[in-house]
Amino acid sequence: MAAVTQLARYGERHIARGLNRLTNAVIKEGRGSYLHMEDGRKMLDFTTGIGVAGLGHCHPKISKAAADQCLSLVHGQCSIAYHEPYLKLIERLIPVMPHPSLDTFFFWNSGAEAVEASIKLARAATGKQNVIVMQGGYHGRTFGTMALTKSKTVYSQDVFPLMPGVFSVPFPYWHQCGLPSSTPTSELVQHCLFQLDLTLSQQTAPSDTAAIIVEPVLGEGGYVPAPTEFLQGLRKVCDKHEILLIADEVQSGFGRTGKYFAIERSGVKPDIMVMAKGLANGFPLSGIVSRKEIMDRQSPGTMGGTYAGNAVACAAAVACAEAFQEEKVLQNVEARSHELFGVLKGLQKDSQVGHHILDVRGAGLMVGVEFGSPSGHAHDKFRRPDAPKTLASRISKRCLEKGMFLLTTSVFDVVRFIPPLNITKEDMKKGTDIFSESVHE
Ligand code: PLP
């Protein structure tokens with residue numbers, strides 16, 4: 001174990017404890033798939049800021065674009081005029097949107113801000129107030145997004161009141177729904193859609209419901225991909241009741257699941273899509289996209305913020321989109337994902353450790369491994385989302401000691417793999433070797 005440095009001790013004393021941290025060590029530099037620590041260690045980063053540094057830390061092209069932009073215009077002042085990087089970014093994004101009708105944009109700084117903006121827009125566009133969210137969903141840490149978030153039990157303890165008018169329905173995952181794992185996916189989906197119907201008949205009338213917000217892959221809620229049939233079902237319900245479907249792609253967007261956006265896997269068209277994290281590879285930038293007729297339902301002056309759509313962040317995002325194409329990132333995701341799943345599924349079959357692994361799931365390089373008790377009960381019993389994360393935490397700590405950052409999710413006993421999307425074959429092997437050793441130990 002590395003010694004605690006003076007700087008790290010300073011952090012312990014002067015930084016609030018309101019954030020979970022894997023270690024109290026200090027990061028000095030980031031390069032590609034590695035973080036260099038103040039104490040001299042070089043750590044393989046399989047967390048990438050939870051999907052932020054998709055193209056690796058300090059990608060030369062992106063950093064240069066930001067540095068160049070710093071010399072010409074830092075603050076764009078969107079309230080007086082457009083700025084060039086903002087418009088260039090839209091030009092880059094339009095061709096990769098999941099549907100051509102998603103062609104009108106607005107940018108902010110953080111994911112939570114953009115999620116809140118999507119709700120504000122849905123309310124303005126429909127003239128309705130209520131929102132339906134998923135059990136296990138995560139949308140941020142502002143008051144509004146905490147109200148939308150159902151994967152963090154701690155949110156209900158600290159601060160009141162949160163935003164009213166939020167109703168939750170089960171997300172199709174047997175642990176979430178309290179159903180046995182032998183339940184066929186289709187039955188699970190029908191169960192959830194039935195609960196949604198009940199919610200719309202008993203709790204929030206369709207005439208009061210502005211939006212349903214869903215992560216196409218539950219992030220903090222355990223790395224669970226939404227079945228296509230479920231997303232299609234949500235689309236139908238939204239069409240029937242004139243409710244807007246919001247896809248929160250903050251964590252799953254920009255190539256993370258092997259498609260530009262995870263919702264593409266289902267062919268379902270969202271009415272509003274929220275983007276952040278991988279959009280600018282580490283520069284604070286988020287955005288929403290929708291159809292023009294929806295976006296223009298909000299009055300001028302009600303969208304924005306002092307730093308919203310910052311010029312340096314937008315320039316970085318333009319470079320990020322270019323690098324993404326030039327480096328054929330999606331092809332790399334496919335190849336590395338195949339290797340990663342190969343190793344994880346192999347561990348699941350391993351006679352020594354496989355019985356601890358309940359599930360290996362995800363898509364692309366957004367992959368979760370769920371651990372569970374070897375007692376044999378776990379598969380067929382309803383497990384509480386806040387069950388102790390015994391094995392995942394222990395394994396993540398062991399990986400840390402061996403030189404790799406690996407995170408767990410907020411609920412269930414899950415470790416999640418979120419390496420850079422352009423990670424090399426060698427680094428993927430190094431990471432999976434560290435993980436396999438840690439699981440065996
Ligand atoms: N939505 C999802 C799906 C997320 O995963 C996150 C952050 O992890 C957010 C919203 C909030 O983003 P931010 O932390 O940038 O506010």
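Please read all numbers here as calculations on a predicted model, not as lab measurements.

It is worth spelling out the overall build of the protein at this point. Tallying secondary structure elements over the protein gives 15 helices and 17 strands in all. Here the protein has a C-alpha radius of gyration of 21 Å; the compact-globule value for 441 residues is 22 Å, and the two agree. Once the C-alpha set of the protein is aligned to its principal axes, its extents read approximately 60 × 55 × 45 Å. Taken across its 441 residues, the protein has 52% of its residues classed as buried. At a minimum sequence separation of 6, the contacts of the protein that also span at least 24 residues come to 72%.

So, on to the domain arrangement of the protein. Interfaces are often sized by the amount of accessible area the parts lose when they come together. You can read the domains of the protein as domain 1 (6-55 + 328-440) and domain 2 (60-326). Listed as interface residues are 34 residues of domain 1 and, on the opposing side, 33 residues of domain 2. For the side of domain 1 that touches domain 2, the elements supplying multiple residues, two or more each, are helix H2 (48-51), helix H13 (329-349), strand E13 (357-363), strand E14 (366-371) and strand E17 (414-417). Sort the elements by how many residues they give to the side of domain 1 that touches domain 2 and H13 lands first, with 5 residues. Here the residues of the side of domain 1 that touches domain 2 sort into 17 nonpolar, 10 polar and 7 charged.

Looking at the ligand, there are 14 residues lining it, with Gly111, Ala112, Gly140, Val250 and Gln251 nearest. Looking at which element gives the most residues to the shell around the ligand, the answer is helix H5 (residues 111-126), with 3 residues. Residues of the shell around the ligand, tallied by class, amount to 6 nonpolar, 6 polar and 2 charged.

Cut-offs used in this document
Residues numbered from 1 in each chain as written. Predicted model: local features only at pLDDT ≥ 70, side-chain atom pairs only at ≥ 80, totals over all residues. Helix = DSSP H or I, 4+ residues; strand = E, 2+ residues; numbered from the N terminus. Rg over C-alpha atoms; globule rule 2.2 N^0.38 Å. Buried ≥ 20, exposed ≤ 12 C-beta atoms within 10 Å, placed from the backbone. Contact = placed C-beta atoms within 7 Å. Domains from an automatic or database assignment. Nonpolar A, V, L, I, M, F, W, Y, C, P; charged D, E, K, R; others polar. Near = placed C-beta within 6 Å.

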